[in-house]
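Structure assessment
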Amino acid sequence: MRTLVLIVAMLAMCWPASGFAQENLPVVQVGVIFDGTGNGQDVLLIGEQARALAALREQTHALTRRQFDVRFDEKHLVTGDWTLESIRRGIDKLLADPEVDVVVSLGALATNDLVRRGPMPKPVICAWAIDPQAQNLPLVRDTSGVENMTYILTPNSILRDLGKFQEVLRLSRVHILVDELFIEGIPELEQYTAAAAATLGIELVTIPIKGSASDVLRRLPADIETAYLTPAIRMPAAEFDKLIQGFNQRKIPTFSLLGEAEVRRGVLAGVGRQADQLRVARRLALNIQRVLLGDNPSKLPVTLEEPDGLMLNLATAREIGVYPRWRVLIEAELINDDRTERGRDVSMADAVQAAVTANLNLTAFDRSVAAGQETIEQARSAFRPQAQASVSGVQIDQDRAAASFGQQPERTGTATVGVSQLIYGDGARANLKIAREGQRSLVEQREALMLDIALDTSVAFLNVLRAETLERIQRDNLKLTESNLELARRRERIGSAGPADVYRWESRLASDRSSVITASNQTRAARNVLNQLMNRPQEEPFHAVVPDLDDKGMFPDYNRIETYVDNPQAFGLFREFSVGEGLDRSPDLRALDAAIAAQDRVLLAARRSFWAPEVSLSGEVSERFEQSGAGLPMSGTGVPIADRNNWSIGLSAALPLYVGGARDAETRQARETVAQLRFERDLVRQQVELGIRTALYDAVSTYQAIELTREAADAADKNLELIADSYTRGVVPVINLLDAQNAQLVAAQSAENSVFDFIIDMMEVQRATNNFDFFESDEERKAWFQRLDGFIEERGGTVPGATP
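Residues numbered from 1 in each chain as written. Predicted model: local features only at pLDDT ≥ 70, side-chain atom pairs only at ≥ 80, totals over all residues. Heavy atoms only, no water.

1. Here's the deal with the overall build of the protein
Spelled out, the test is: Counting from the N terminus, the helices are DSSP H or I runs at least four residues long and the strands are E runs at least two residues long. Radius of gyration here uses only the C-alpha atoms, and the compact-globule reference equals 2.2 Å multiplied by the residue count raised to the power 0.38. Throughout this description, buried means an accessible area under 20% of the type-specific maximum (1.4 Å probe, protein chains only), exposed means over 50%, and partly exposed covers the range between. For this analysis, residues touch if any pair of their heavy atoms sits within 4.5 Å.
Looking only at helices and strands, the protein has 24 helices and 19 strands in total. The C-alpha atoms of the protein give 46 Å as radius of gyration, which overshoots the globular expectation for 804 residues (28 Å, by more than 25%). Counting only C-alpha atoms and orienting by the principal axes, one finds that the protein spans roughly 160 × 85 × 45 Å. Counting all 804 residues of the protein, 48% fall into the buried class. For the protein, long-range pairs separated by at least 24 residues make up 78% of all intrachain contacts whose partners lie at least 6 apart in sequence.

2. A word on a nonpolar patch on the surface
Going by this rule: Patch membership needs two things, relative accessible area over 30% and no salt bridge, and members are linked within 9 Å if like-charged or within 5 Å if nonpolar (Val, Leu, Ile, Met, Phe, Trp, Tyr). What sets the accessible areas is the Shrake-Rupley method with a 1.4 Å probe; for residues, cover comes only from the shown protein chains. Note on definitions: salt bridges are taken to be side-chain nitrogens of Lys or Arg within 4 Å of carboxyl oxygens of Asp or Glu.
Taken together, the side chains of Ile-423, Leu-617, Val-621, Trp-647, Ile-649 and Leu-651 make up a nonpolar region of the molecular surface, amounting to roughly 700 Å² of accessible area. Put simply, the parts of the chain that give the nonpolar patch at least two residues each are β18 (614-628) and β19 (645-654). The topology assignment puts Val-621 in strand β18.

3. With respect to the pairing of β18
Inclusion rule: Pairing between strands is defined by DSSP: at least two bridges between them are needed.
Two elements, strand β16 (residues 411-424) and β18, share 13 bridges in a ladder whose sense is antiparallel. Counted as the bridge partner of Thr-416 is Ser-622 from β18.

4. Regarding the pattern of salt bridges
Charged atoms that come close allow side chains of opposite charge to pair. As enumerated under the stated definition, the model contains 47 salt bridges in all. Notably, a salt bridge pairs Arg-290 with Asp-295, separated by 2.9 Å at the nearest N-O pair. Among the salt bridges present, the one from Arg-693 reaches Glu-689, with a minimum N-O distance of 3.1 Å. Taken together, the residues span about one helical turn, with Arg-693 and Glu-689 both in helix α22 (residues 662-728) at a distance of four residues. Residues joined in a network through salt bridges with shared partners are Glu-85, Arg-88, Arg-89, Asp-92, Asp-113 and Arg-117.

5. Focus on the pairing of strand β6 (residues 149-153)
In terms of residue burial, β6 counts as a mostly covered element, since five of its five residues are buried. The two faces of β6 match: Met-149, Tyr-151 and Leu-153 on one face and Thr-150 and Ile-152 on the other face are all buried. Bridge count for strand β5 (residues 124-129) against β6 is four bridges, and the pairing is parallel. Along β6, the bridge assignment pairs Ile-125 with Thr-150.

6. A word on the sheet that holds strand β13 (residues 333-335)
Here is the rule we go by: In this analysis an axis means a line fitted to C-alpha atoms, helices contributing only their contacting stretch, and an angle means the value between N-to-C directions, from 0 to 180 degrees.
Pairing is mixed across the open sheet formed by seven strands, whose spatial order is β8-β7-β9-β10-β11-β12-β13. The sheet terminates laterally at β8 (203-209) and β13, the two strands that pair on one side only. Within this sheet the neighbouring strands show an average axis-to-axis angle of 25°, counted without direction. Sheet analysis places strand β12 (residues 310-313) next to β13, joined by three bridges and oriented parallel. If you follow Leu-312 over to β13, its bridge partner there is Leu-334. Against the sheet, helix α5 (residues 158-168) touches β9 (227-229), β10 (254-256), β11 (269-271) and β12, its axis set at about 140° to β11. Against the sheet, helix α9 (residues 237-249) contacts β7 (173-179), β9 and β10, and its axis sits at roughly 165° relative to β9.

7. Observations concerning the nonpolar core
Where we set the bar: By nonpolar core we mean a set of buried residues, namely Ala, Val, Leu, Ile, Met, Phe, Trp, Tyr and Cys, connected to one another through side-chain atoms within 4.5 Å.
Ranked by size, the top nonpolar core spans 83 residues in total, and within it Val-104, Leu-106, Phe-182, Tyr-228, Phe-255, Leu-284 and Leu-312 carry the most contacts. Looking at this core element by element, the count peaks at six residues for β5. When residues no more than four places from it in sequence are discounted, the contact partners of Phe-255 are Phe-165, Val-168, Leu-169, Leu-171, Thr-226, Ala-227, Tyr-228, Leu-229, Val-267, Leu-268 and Ala-269.

8. Focus: the packing of aromatic side chains
Note the threshold: The criterion for an aromatic pair is that two Phe, Tyr or Trp rings (for Trp, the six-membered ring) have centres within 6.5 Å, with stacked assigned to planes under 30 degrees apart, edge-to-face to planes over 60 apart and tilted to the rest.
Applying the stated criterion to the full structure yields eight aromatic pairs. On the basis of an interplanar angle of 70° and a centroid distance of 6.3 Å, the ring pair of Phe-574 and Trp-784 is categorised as edge-to-face. Residue Phe-574 is located in helix α20 (residues 568-585), and its partner Trp-784 is located in helix α24 (residues 778-794); the two are separated by 210 residues in the primary sequence. Summarising the burial analysis for this pair, Phe-574 and Trp-784 share the class buried. Measuring from centroid to centroid gives 5.4 Å for Phe-577 and Trp-784, while their planes differ by 70°, and the two rings are edge-to-face.

9. Brief notes about a negative patch on the surface
Just so we agree on the cut-off: Working convention for charge: Lys and Arg count positive, Asp and Glu count negative, and His plus the chain ends are omitted. Positions of charges follow a simple convention, taking NZ of Lys, CZ of Arg, CG of Asp or CD of Glu.
Together, Glu-707, Glu-711, Asp-714, Asp-717 and Glu-721 give the surface a local cluster of negative charge. Take Glu-711: it is sitting in helix α22.

10. Some details on unusual backbone geometry
Of note, the phi angle at Asn-136 is positive, near 55°, even though the residue is not glycine. Following the sequence through the fold, Asn-136 ends up in the loop between β5 and β6.

11. Comments concerning the packing of α20 against α24
Put simply, the rule is: We call two directions roughly parallel when the angle between them is under 35 degrees, roughly antiparallel when it is over 145, roughly perpendicular when it lies between 65 and 115, and oblique otherwise. Each crossing is labelled by how the near helix is turned from the far one, with a counterclockwise turn of less than a right angle marking it left-handed and a clockwise turn marking it right-handed.
Remark: α20 packs on α24, axes separated minimally by 10 Å, with the N-to-C direction vectors making an angle of 130°. Taken together, the axes of α20 and α24 are oblique relative to one another. Here the hand of the crossing between α20 and α24 comes out right-handed. Contacts between α20 and α24 pair Leu-573, Phe-574, Glu-576, Phe-577, Glu-581 and Arg-585 from the former with Trp-784, Arg-787, Leu-788, Phe-791 and Ile-792 from the latter.

Below is the structure:
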């Protein structure tokens, strides 16, 4: 048969592909064996037989249509009846049929039978090998090593799965559900799985199953803790769904050997993605082509690699009351993850507007501004009329009253009303001026605080995006490490590398897992900071909308500004203009101006206190509404009797002559305070100017870095791809691949960081120049550009876009 295949292959390669029709190609008959019929229902593991066969036929014809006429005649399609004996008879029939050139197994039980037979009389290609240890598969350097025999192995390992599941739950006893046909066909299965589980400290109990979910659920022991589901090859899809539902209703955690497909259907957890029908069909077709072209099946690779990361169904976890640890949630691929809702969309402009509206720091300062306004009212009240009212009652000793001749009765009650009005008082005028300037300073401080909060919120928003991006990079890097670990394990299996490579990647995997956990927590912390600035619940979910330089809410005139800084001369003029604008708009300088004006008035008041009196007008009216006892006025004595009502009016001017030197000290103190404030203003002016210039230089630098870091990241990606390919072929050692992956990780982080660094620097520029685009109208931005153009023209520069 091998000689015939080689002759056919040579004829096919020598014959011009365009020079003959399909009927002139060598005919190859492929026989296919199935475990059993699906009876119109899905059969787990192999899918519907018709679809599997259609995929195999399509992929095979796509590869071989110019070389061979490969046929899948119905008479060579053999279906067992879910018994080992019928499957053996079907295999024997195809192996003995002289018309069949190649035998393909599309059944797990048929594959288990074929791989145990030894050398084959004709090429045999098997799909759906399950576990190399449990099935005792022939395996030599990732090949079968058996004449005319190959198979496809997706490296599901029961021992690997149990180890992964222990990360989710602390297992002591696991009940494994195995189809009775596997127990019959693989007698070593139960003993192997129990021994493998024992190495992990797990007691493994086998539960045989057939095709009925209710039968399985009825036979579950009362002490069952967890269930491990192996392929239920005879259980229809509807029954399997009932089985999962039954386990979940009983709050029993379930794990799947097949991984993703069953986890998505409700199983709690699984490892890896079960090879889909198309990929298996493509590998089968490729093996058929290689066999027809002369390769011995015994030399073909058997492993069909699939990602082996843990998959976790959080909807099932919630239903059965299982709460995985943080490490599991970080590392696993999560299905039905609604732990963090998407929340409302928040742009950077939205975040800043929310912060300046609701931030508690700013709200508290608003109360300080409101209190300051009342200080002005207090100072102004000194210039308004002052009115007082009083009531008094007096009793004196009787003999003194009697001796007063009616001027001071023993008991009196008097009501008095007084009014005063300040006519001139420099101290009061100074207090009003000082209060007004103090209020102006508060308003400017409030403006500075608002700008600081706008900057803090912008940076916090960008830090959220940065943290999310770096977390994504770390997760991608973790997946790459997992992939490289599997590559190292595969190379160890086939003998092209030793265990040292595996240990290196396992060490790297632990480190990368830690990095992912750290990055995830940093993302949560960054989101909490932004929520706090916006005065929102700190764990409230939101979706941060990624901005770009064309975002009109962030940089409405970025492209236009870029033309003003694209060369050193233009950038120099732009810096000078920005400094002037920033100084004019600086609330810090305006607050100091107000403080200086207030202190100037303190100094003036201290000087005037030597000669400026306080002049006021006052009046008073009183009535004695009660008088009794001894000493009452008596008529007929010839002594005038005053009535009960009294009034007075007076004008006064007061000037302290000497207060122990206090006024001299106050004058000197005020003078020194004014000098101090003026020096502080000069210092703040320097700091504002320095901040503007530094922010502009930083922004230009980080903008240039964006393109450079992206180029570096692209080069690192290409280098990693080359090194990974070389490592796969055994050309370079593992350390080279580790270095390349490290370089790629650092370059990717730098590329992403450069964008956020630039946007943050742009926010720093806007804060330094006290001119956030968030708060500017179109008219204000237009006026700003007009001032910029005028400034450039005054200094002999060229306005971008202007006609020379």
